[in-house]
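Residue-level listing of the chains:
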There are 2 protein chains.
Amino acid sequence: MTITKQTGQVTAVADGTVVTPEGFQAAGVNAGLRYSKNDLGVILCDVPASAAAVYTQSHFQAAPLKVTQASLAVEQKLQAVIVNRPCANACTGAQGLKDAYEMRELCAKQFGLALHHVAVASTGVIGEYLPMEKIRAGIKQLVPGVTMADAEAFQTAILTTDTVMKRACYQTTIDGKTVTVGGAAKGSGMIHPNMATMLAFITTDANVSSPVLHAALRSITDVSFNQITVDGDTSTNDMVVVMASGLAGNDELTPDHPDWENFYEALRKTCEDLAKQIAKDGEGATKLIEVRVRGAKTDEEAKKIAKQIVGSNLVKTAVYGADANWGRIIGAIGYSDAEVNPDNVDVAIGPMVMLKGSEPQPFSEEEAAAYLQQETVVIEVDLHIGDGVGVAWGCDLTYDYVKINASYRT
Amino acid sequence: MTITKQTGQVTAVADGTVVTPEGFQAAGVNAGLRYSKNDLGVILCDVPASAAAVYTQSHFQAAPLKVTQASLAVEQKLQAVIVNRPCANACTGAQGLKDAYEMRELCAKQFGLALHHVAVASTGVIGEYLPMEKIRAGIKQLVPGVTMADAEAFQTAILTTDTVMKRACYQTTIDGKTVTVGGAAKGSGMIHPNMATMLAFITTDANVSSPVLHAALRSITDVSFNQITVDGDTSTNDMVVVMASGLAGNDELTPDHPDWENFYEALRKTCEDLAKQIAKDGEGATKLIEVRVRGAKTDEEAKKIAKQIVGSNLVKTAVYGADANWGRIIGAIGYSDAEVNPDNVDVAIGPMVMLKGSEPQPFSEEEAAAYLQQETVVIEVDLHIGDGVGVAWGCDLTYDYVKINASYRT
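The shown structure was predicted, so the numbers you read here are calculated from the model rather than taken from an experiment.

The rules we used
Residues numbered from 1 in each chain as written. Chains lettered and ligands numbered in written order. Predicted model: local features only at pLDDT ≥ 70, side-chain atom pairs only at ≥ 80, totals over all residues. Heavy atoms only, no water. Pairing = 2+ DSSP bridges. Helix = DSSP H or I, 4+ residues; strand = E, 2+ residues; numbered from the N terminus. Contact = heavy atoms within 4.5 Å. Axes fitted to C-alpha atoms, helices over the stretch in contact; angles between N-to-C directions. Domains from an automatic or database assignment. Buried area = accessible area lost by both parts, 1.4 Å probe. Salt bridge = Lys/Arg side-chain N within 4 Å of Asp/Glu carboxyl O. Polar contact = N/O pair within 3.5 Å; in protein donor to acceptor, adjacent residues only side chain to side chain. Phe/Tyr/Trp six-rings, centres within 6.5 Å; stacked < 30°, edge-to-face > 60°. Buried < 20%, exposed > 50% of the residue type's maximum accessible area, 1.4 Å probe, protein only. Least-squares fit on C-alpha atoms with pLDDT ≥ 70 in both. Nonpolar A, V, L, I, M, F, W, Y, C, P; charged D, E, K, R; others polar.

This part is about the sheet that holds strand E13 (residues 352-356) of chain B. Residues and elements named next belong to chain B. On the basis of which strands lie adjacent, the open sheet formed by six strands has the order E14-E13-E12-E15-E11-E16 and mixed pairing. A single partner strand is all that each edge strand has here, and the edge strands are strand E14 (359-360) and strand E16 (388-395). Where strand E12 (residues 346-349) and strand E15 (residues 376-382) come together, four bridges link them in antiparallel fashion. Counterpart to Ala348 in the pairing with E15 is Glu380. Strand contacts of helix H6 (residues 260-280): strand E11 (288-296) and E16, with the helix running at about 45° to E16, the strand carrying the most contacts.

Below, the structure written as structure tokens:
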């Protein structure tokens with residue numbers, strides 16, 4: 001295990017995955033659901049884990065999300081999560097719900113688990129039924145393990161238009177014990193938080209109760225997954241699930257525990273890391289865009305404006321074209337319902353200040369174009385109203401986004 | 001004058017323009033502001049006309065909008081509107097405001113008008129200063145007239161990334177007199193009502209007071225210009241101005257006048273016609289998309305959902321690719337904050353019902369693909385909740401949208 005980066009009390013684990021925390025295994029197989037690639041995966045825990053989840057805010061929650069909610073409602077514990085692509089099992093009516101419940105039952109039977117200890121997730125096309133014959137056969141082939149190959153088999157089984165696997169892993173120390181948080185995610189289009197879909201699965205060996213885990217996850221989701229956008233479209237299937245095996249052996253974590261911040265930060269970093277990977281791998285994207293807003297009335301308003309800027313098609317195409325058209329950033333701030341003083345706004349692209357106190361500043365077009373050709377583009381805005389800060393992540397809008405989405409089903 | 005289309009009490013005038021109503025002249029010249037095309041235009045009225053305007057809701061209203069508001073504040077009358085491209089004179093601070101006031105003064109002087117009878121509009125790049133030397137010289141070259149060539153000189157002087165001129169003209173009868181409404185507009189990108197920019201200029205010879213005209217314009221804007229979207233980005237410069245010369249000689253119009261509906265309908269049709277022309281000429285667009293929502297709780301919610309669907313990048317790319325991926329329509333409805341019953345929604349693309357009572361319906365992929373290749377694509381949604389109806393217009397998202405916007409300034 002290589003340790004690469006030290007941030008506060010948290011350490012990034014370069015080759016860490018969802019199976020790095022104690023007690024977790026994973027698998028992925030090709031069940032032949034559409035292509036000849038992995039399309040069915042599972043994460044399994046040695047024990048019933050404390051668990052929590054957050055779901056899409058769409059009116060049309062997909063069937064698997066309803067089943068996962070039913071599972072968690074019983075005792076807020078999970079021992080497995082079963083996932084398939086590229087069928088979202090969304091808008092599939094009564095049959096779709098029946099299929100999702102059967103998928104849960106098949107997984108429970110395969111690994112000898114209680115029904116309510118299994119979560120279900122799906123991603124892909126909306127409005128198509130699951131090919132249940134293939135799901136039934138596929139689940140029987142799943143043999144979880146703890147190697148990097150097992151983790152990658154899972155990581156690939158959940159992708160749709162993604163071009164890269166997404167994983168993250170951070171460690172910290174609690175009561176003198178090493179606690180690890182690992183995660184896997186998918187998502188490339190319909191991302192705002194988040195459709196066709198964004199899924200994230202996070203494992204940890206921390207000893208923490210489900211309600212405390214849930215509160216931390218909700219708070220962290222607001223500053224990580226909920227702050228990314230690829231295309232402004234929110235999915236019917238978005239879900240983030242976290243499972244805590246408790247096998248690290250620390251005293252039970254609550255916000256009063258002296259090392260609480262370490263755990264929170266490890267969980268936050270894992271989520272932010274995965275969120276940024278999703279934004280960077282946005283459909284057709286060539287660049288990650290990070291927008292930092294400060295001086296807003298509240299953090300809420302700063303986050304909203306940051307997301308509005310990073311979600312603007314005109315900002316995204318300008319970044320793609322390496323064109324320092326900062327007027328489009330102003331455009332996006334302009335239609336926000338947050339408090340803005342139009343006579344005192346600063347805008348910078350990378351190190352170049354383009355607007356100060358709402359007066360245009362001279363800058364070198366060549367330097368700006370060079371900066372905009374980098375892999376990560378940072379846009380900073382100061383509203384000079386209050387102390388609110390917020391960050392959001394997105395990507396540029398390219399020909400390939402159009403290409404990918406003009407023929408997604410066909 | 002060819003009469004083509006009879007709708008209720010209103011008749012479309014096929015070759016009508018802003019100079020068709022009694023009392024109006026127009027001109028457009030090339031002032032050399034950037035290219036060798038017309039870039040400075042004026043509409044002139046023989047008398048001070050009753051006038052009203054609606055403006056962008058952006059926090060950053062451009063300087064010309066502030067000047068127009070100052071003009072209208074005096075006695076709600078206008079006799080001329082002077083327009084330039086391709087510099088929006090937005091985010092240009094104190095200098096920009098001074099320039100816009102000077103533009104008003106130059107126009108008033110040129111045509112012997114009171115300062116407060118002149119409105120100013122600009123469209124183009126945000127954050128650049130007006131080349132005032134060229135504006136000064138250009139205004140002196142403006143010689144308004146009443147021919148189609150004069151109207152077209154104006155119509156072309158206001159375009160930016162537009163590929164076609166936008167004009168509309170409708171006639172009706174009030175007190176036995178013919179009353180005409182004519183309009184010109186521009187807009188192709190930053191349309192959501194709307195930035196880099198949407199402008200519309202409407203003339204009529206109806207006898208109607210400014211406050212009544214303003215109320216009618218606001219109500220009509222909500223179901224026409226405010227219901228179009230090209231890219232979800234709202235401009236700093238959007239403005240719709242209407243001038244009524246009163247020269248048709250009808251009795252003064254109020255909502256109590258027996259022919260009020262005729263006038264309202266002529267004005268509404270002119271606005272809807274121009275709005276649809278803008279949506280259809282959206283940057284890079286190949287198709288007009290019309291979304292009709294019924295069964296919503298209120299008209300407000302129906303309009304909001306219609307606009308959300310027509311604004312979804314994923315819906316827009318699917319229409320471009322002629323892919324009947326109706327799940328994306330559900331996606332866009334799903335993230336609305338309007339009231340939705342996820343278990344009872346109908347979705348149709350053209351004549352093909354794809355979802356009924358939230359159950360997927362079989363349809364022919366070939367027929368759907370053929371339908372989606374037409375110039376106008378109609379999407380219909382029934383929410384089965386109430387009586388609310390709403391319509392919105394947009395366009396498909398294509399490679400050319402990205403191409404145009406990756407290098408707009410350069």
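Looking now at the domain arrangement of chain A. All names here are of chain A. Split by domain assignment, chain A resolves into domain 1 (10-281) and domain 2 (288-407). Each of domain 1 and domain 2 has a C-alpha centre, and these two points are 31 Å apart. With 16 residues of domain 1 at the interface, the matching set in domain 2 holds 16 residues. Note on domain 1 versus domain 2: buried area summed over both sides is about 1,400 Å², and carbon and sulfur give 59% of it. The largest share of the area that domain 1 buries against domain 2 comes from Gln227, Thr229 and Lys280, three residues that together contribute 42% of it. The interface formed by domain 1 and domain 2 contains two salt bridges. Taking the shortest distance from any N to any O, the salt bridge between Lys280 and Glu375 comes out at 2.8 Å. Scanning the region where domain 1 abuts domain 2 turns up one residue pair in polar contact (both at pLDDT 80 or more). Among the secondary structure elements, those contributing two or more residues to the side of domain 1 that touches domain 2 are helix H5 (210-223) and helix H6 (260-280). For the side of domain 1 that touches domain 2, the leading source of residues is H6, giving four residues.

Okay, the packing of aromatic side chains next. A complete count under the given rule lists nine aromatic pairs over all chains for this structure. With a centroid separation of 5.5 Å and an interplanar angle of 80°, the aromatic rings of A:Phe154 and A:Phe201 are classed as edge-to-face. On the criterion of sequence distance, the pair formed by A:Phe154 in helix H4 (residues 148-157) and A:Phe201 in strand E9 (residues 199-204) is long-range, its members being 47 residues apart. Of the two residues, A:Phe154 and A:Phe201, both sit in the buried class. In this structure an aromatic cluster arises from ring pairing among A:Tyr320, A:Tyr399, B:Tyr320 and B:Tyr399.

All names here are of chain B. With respect to the element layout, Asp346 can be found in strand E12. At 2.8 Å, the side chain of Asp346 forms a polar contact with the backbone nitrogen of Gly357. There is a polar contact of 2.6 Å between the side chain of Asp346 and the side chain of His384. Residues contacting Asp346, with those up to four places away along its chain left out, are Leu355, Lys356, Gly357, Glu380, Val381, Asp382 and His384.

Take unusual backbone geometry next. Residues and elements named next belong to chain A. Following Arg85, the chain continues to Pro86 via a peptide bond in cis, the omega torsion being -10°. Note on placement: Pro86 falls in the loop between strand E5 (77-84) and helix H2 (93-111). The backbone of Gln76 shows a phi angle near 55°, a positive value even though the residue is not glycine. Locating Gln76 in the fold gives a position in the loop between helix H1 (63-75) and E5. The backbone phi angle of Cys91 is positive, close to 55°, even though this residue is not glycine. Its place among the elements puts Cys91 in the loop between E5 and H2.

Quick look at the sheet that holds strand E12 (residues 346-349) of chain A now. Residue and element names in this part refer to chain A. A sheet is described by the order of its strands in space; here six strands give the open sequence E14-E13-E12-E15-E11-E16, paired in mixed fashion. Looking at which strands have only one partner, the edges of the open sheet turn out to be strand E14 (359-360) and strand E16 (388-395). Pairing analysis gives two bridges linking strand E13 (residues 352-356) to E14, with the strands arranged antiparallel. Bridge pairing in E14 links Lys356 to Glu359.

The next subject is the relation of the copies chain A and chain B. Between chain A and chain B, the superposition needs a rotation of 180° and an axial shift of 0.0 Å, giving an RMSD of 0.0 Å. Taken together, the rotation and translation describe the operation of a two-fold axis. The position closest to the rotation axis in chain A is occupied by the C-alpha of A:Tyr399, lying 2.5 Å away. Comparing contact sets, 100% of the residues at the interface of chain A also lie at the interface in chain B, consistent with an isologous, same-surface contact.

Take the interface of chain A and chain B next. On the chain B side, the residues contacting the 59 residues of chain A number 59 residues. Each partner contributes to the roughly 4,800 Å² buried at the junction of chain A and chain B, and carbon and sulfur atoms together form 58% of this total. Summed over the shared surface of chain A and chain B, the result is zero salt bridges. Across the contact surface, chain A and chain B share three residue pairs in polar contact (both at pLDDT 80 or more). Elements that contribute at least two residues to the side of chain A that touches chain B include exactly H2, helix H8 (313-320), helix H9 (327-334), E14 and helix H11 (399-406) of chain A. Among the residues forming the side of chain A that touches chain B, the class breakdown is 27 nonpolar, 23 polar and nine charged.

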